[in-house]
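Here is what each chain is made of, one letter per residue.
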Amino acid sequence: MTTSTIRFAVGAAVTRADLPVLCTDLADVLRGRDRGVVICDVTGVTRPDLVTIEALARLRLTARRHGWRLVVSGAGAGLRELAGLFGLTDALFEPVRQAEQREQAGGVEEVVDRGDPPG
């Protein structure tokens, strides 16, 4: 089974007045399609601000309402840092996970049977 992917770009300067239009545009693209992943390209964002963060949060919510997952692509350090200040890094960006000691990267999580006695 293949996952549908749609690319959606956010411009360099997003204003508060642009937010409803961005969300409506994304909703129009997603309406009636099978679920998948929206890749939100933010490489054009040169000066991220609170409105940029709000736009990404609203776009993510719009995607979720239509059964899609939104992944932000092309985020610079400034945008990531700003998202971190608001505690939205994990919500807006795919978390980068480091392999723990003795754990292979990309390995399978250990499954615990609740019926097993504690070790």
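Notes on the structure follow. (Residues numbered from 1 in each chain as written. Predicted model: local features only at pLDDT ≥ 70, side-chain atom pairs only at ≥ 80, totals over all residues. Heavy atoms only, no water.)

So, about the sheet that holds strand 1 (residues 4–9). The 3 strands lie next to each other as 1-2-3, forming an open sheet whose pairing is parallel. Both outer strands of the open sheet, strand 1 and strand 3 (69–73), are each paired with one neighbouring strand and no more. Shown here is a sheet whose adjacent strand axes are inclined to one another by a mean of 25 degrees, direction ignored. In the sheet, strand 2 (residues 36–41) pairs with strand 3 via 5 bridges, with the strands oriented parallel. What sits directly across from V37, in strand 3, is R69. Packing against the sheet, helix 1 (residues 18–30) makes contact with strand 1, strand 2 and strand 3, and its axis sits at approximately 160 degrees to strand 1. In the packing of helix 2 (residues 50–65) onto the sheet, the strands contacted are strand 1, strand 2 and strand 3, and the crossing angle to strand 3 comes to about 150 degrees. (Pairing = 2+ DSSP bridges. Helix = DSSP H or I, 4+ residues; strand = E, 2+ residues; numbered from the N terminus. Axes fitted to C-alpha atoms, helices over the stretch in contact; angles between N-to-C directions. Contact = heavy atoms within 4.5 Å.)

Further remarks concern the pattern of salt bridges. The final tally for this structure, using the stated rule, is 3 salt bridges. For E54, the salt bridge identified is with R58, shortest N-O distance 3.2 Å. Of this pair, E54 and R58 both sit in helix 2, 4 residues apart, which is roughly one turn of the helix. For E54, a relative accessible area of 22% corresponds to the partly exposed category. (Salt bridge = Lys/Arg side-chain N within 4 Å of Asp/Glu carboxyl O. Buried < 20%, exposed > 50% of the residue type's maximum accessible area, 1.4 Å probe, protein only.)

In short, the description is geometric, and any link to function would need to be established separately.
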